[in-house]
Amino acid sequence: MTAPMPVRPPEPPEKPPPPAGPDKSARPAPAARRPSRLLAPLRETGKLFALAVAVARAVFRRPFQVREFIEQFWFVASVTILPAALVSIPFGAVIALQVGSLTQQLGAQSFTGGASVLAVIQQASPLIVALLISGAAGSAICADLGSRKIREELDAMEVMGVSPIQRLVVPRVLATMLVAVLLNGLISVVGTLGGYFFNVIMQDGTPGAYLASFSALAQLPDLYISEFKALIFGFIAGIVAAYRGLNPRGGPKGVGDAVNQSVVITFMLLFFVNMVLTTIYLQIVPAKGS
């Protein structure tokens, strides 16, 4: 005979659902607010300033990446020296020819040298440096950092306890600043020689009057403000390129977009900063002979 099968106890009846009525205690969860697009430029500006402050602090930390700094300095200098020398000649020539034509109309041809050299040193030279540093060196820095970011190399460095800002960004920013200062001196010399040649040869100017007007109108603070502009422009170009390289969007295509954005943003900032620095300089430092 077979044993009787165990009888399974009946399951308890399910509780009926509560009546659908207004419950004041149960409130729906608030929907997540999307960030406003109007505030996006302010957030990006804040992040850019935060990166600039972080780079300024990391400059004084140890260890300093000497080898990386030398490599970046050589790279930035190699891609900007020849274009700077070639661009400065027509810039100096155009300024000298335009100023010489204007001074001839006013009967003050003897002041051609001083006016053209001051225009080259104070305005043309720093702007040429800014355009070359941001266009040639800044785009390369942005592309390099952006490619490292999408390959997750920067994330791996953070996991290992290495700061990407101190290891990669600081040497690049310092290299752009130093090259900008040196390029500014080169462009000032080449542009002045180009203006001298075109004024003396093509406009029948006298070498003595050219040099005498330069010594009569120019002063040492003019060179100081030119070098200071170049230093600031190099810092801005390096910071903007590093910021866009550290924050690419959309994979490899985003790196290309970030390079284009870094160049455009740098141009806008440099022209605005140049206007501010020039205004402050002309208000603080009086003209020679005034």
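What you see is a predicted model; the values in this text were computed from it and never measured.

Asker: Hey, could you run me through the overall build of the protein in this one?
Answerer: Secondary structure assignment for the protein yields eight helices and zero strands. In the protein, the succession of helices and strands from N to C terminus is α-α-α-α-α-α-α-α. The burial tally for the protein puts 38% of its 290 residues in the buried class. Pairs at least 24 residues apart make up 86% of the contacts formed inside the protein by residues separated by at least 6 positions. Here the protein displays about 17,700 Å² of accessible surface, and carbon together with sulfur accounts for 69% of that area.

Asker: Is there a simple way to explain the confidence of the model for the protein in this structure?
Answerer: Interpretation of the predicted coordinates at a detailed level should be avoided for regions scoring low in pLDDT. Looking at the protein as a whole, its pLDDT mean stands at 79, while 83% of the residues score no less than 70. Confidence, expressed as mean pLDDT per element, reaches its minimum in the protein at helix H6 (residues 207-217) with 73 and its maximum at helix H7 (residues 220-246) with 88.

Asker: Help me out: how do you make sense of the side chain of Gln122 in this one?
Answerer: Mapped onto the elements of the fold, Gln122 is located in helix H3 (residues 112-150). Since its relative accessible area comes to 13%, Gln122 is described here as buried. Within the structure, the side chain of Gln122 is placed 2.8 Å from the side chain of Asp222, a separation counted as a polar contact. Beyond its immediate stretch of four places on either side in the chain, Gln122 contacts Asp222, Lys229 and Tyr281.

Asker: Would you mind going over the pattern of salt bridges with me for this structure?
Answerer: Two side chains that carry opposite charge are able to pair once their charged atoms sit near each other. If you walk through the whole model with that rule in mind, you get eight salt bridges. Across the pair Arg167 and Glu68 runs a salt bridge whose closest N-O atoms are separated by 3.4 Å. On the criterion of sequence distance, the pair formed by Arg167 in helix H5 (residues 164-202) and Glu68 in helix H2 (residues 66-106) is long-range, its members being 99 residues apart. Close ionic contact of Glu153 with Arg151 constitutes a salt bridge, the shortest N to O distance being 2.9 Å. Taking the relative accessible area as the measure of exposure, Glu153 reaches 29% and is therefore partly exposed. Bridged by salt links that share partners, the residues Glu68, Asp144, Arg148, Arg151, Glu153, Arg167 and Arg172 form one connected network.

Asker: Would you mind showing me how to read unusual backbone geometry here?
Answerer: Following Arg62, the chain continues into Pro63 via a peptide bond in cis, with omega recorded as 5°. Summarising the element assignment, Pro63 is placed in the loop between helix H1 (40-58) and H2. In this model, Glu152 sits at a positive phi of 65°, which is unusual for a non-glycine residue. Structurally, Glu152 is set in the loop between H3 and helix H4 (153-159). With relative accessibility at 54%, the residue Glu152 sits in the exposed group.

Asker: Help me out: how do you make sense of the packing of H7 against helix H8 (residues 251-284) in this one?
Answerer: In the contact formed by H7 and H8, the axes pass within 9 Å of each other and the chain directions differ by 155°. Taken together, the axes of H7 and H8 lie roughly antiparallel to each other. Helix-helix and strand crossings are classified by hand; for H7 and H8 the assignment is right-handed. Contact residues: Pro221, Asp222, Ile225, Phe228, Lys229, Ile232, Phe233, Ile236, Ala237, Val240, Ala241 and Arg244 in H7; Ala258, Gln261, Ser262, Ile265, Thr266, Leu269, Leu270, Val273, Asn274, Leu277, Thr278 and Tyr281 in H8. Residues belonging to the contact of H7 with H8 are distributed by class as follows: 16 nonpolar, five polar and three charged.

Asker: When you look at the nonpolar core in this model, what are you seeing that I'm missing?
Answerer: In globular proteins that are soluble, nonpolar side chains generally tend to be buried together. By size, the foremost hydrophobic cluster in this structure holds 29 residues, and its most contacted members are Leu51, Val55, Leu145, Val169, Val173 and Ile239. Listed by contribution, the elements that provide at least two residues to this core are H1, H3, H4, H5, H7 and H8. If you tally residues by element for this core, the top one is H7, at eight residues. In contact with Leu145, not counting residues within four places along its chain, are Leu154, Leu168, Val169, Arg172, Ala242, Gly245 and Leu246.

Asker: What am I meant to see in the environment of Ala209 here?
Answerer: Position of Ala209 relative to the elements: it lies in helix H6. Judged by its relative accessible area of 25%, Ala209 is partly exposed. When the C-alpha positions of Ala209 and Gly114 are compared, they lie 9.3 Å apart, and in sequence the two are 95 residues distant.

Asker: What's the story with the packing of aromatic side chains in this structure? I'm lost.
Answerer: Think of a pair of aromatic rings as described by two things: how far the centres are apart, and how the planes are tilted against each other in angle. One pass over the structure, following the stated rule, counts two aromatic pairs. Taking the centre distance of 6.0 Å and the plane angle of 55° together, the rings of Phe64 and Phe69 count as tilted. For Phe69, a relative accessible area of 18% gives the class buried. The rings of Phe64, Phe69 and Phe73 are connected pair by pair, giving a single aromatic cluster.

Cut-offs used in this document
Residues numbered from 1 in each chain as written. Predicted model: local features only at pLDDT ≥ 70, side-chain atom pairs only at ≥ 80, totals over all residues. Heavy atoms only, no water. Helix = DSSP H or I, 4+ residues; strand = E, 2+ residues; numbered from the N terminus. Buried < 20%, exposed > 50% of the residue type's maximum accessible area, 1.4 Å probe, protein only. Contact = heavy atoms within 4.5 Å. Areas by Shrake-Rupley, 256 points an atom, 1.4 Å probe, with all protein chains shown as cover. pLDDT = per-residue confidence, 0-100. Polar contact = N/O pair within 3.5 Å; in protein donor to acceptor, adjacent residues only side chain to side chain. Salt bridge = Lys/Arg side-chain N within 4 Å of Asp/Glu carboxyl O. Axes fitted to C-alpha atoms, helices over the stretch in contact; angles between N-to-C directions. Parallel < 35°, antiparallel > 145°, perpendicular 65-115°, else oblique. Left-handed = near helix turned anticlockwise from the far one by under 90°. Nonpolar A, V, L, I, M, F, W, Y, C, P; charged D, E, K, R; others polar. Core = buried A, V, L, I, M, F, W, Y, C linked by side-chain atoms within 4.5 Å. Phe/Tyr/Trp six-rings, centres within 6.5 Å; stacked < 30°, edge-to-face > 60°.

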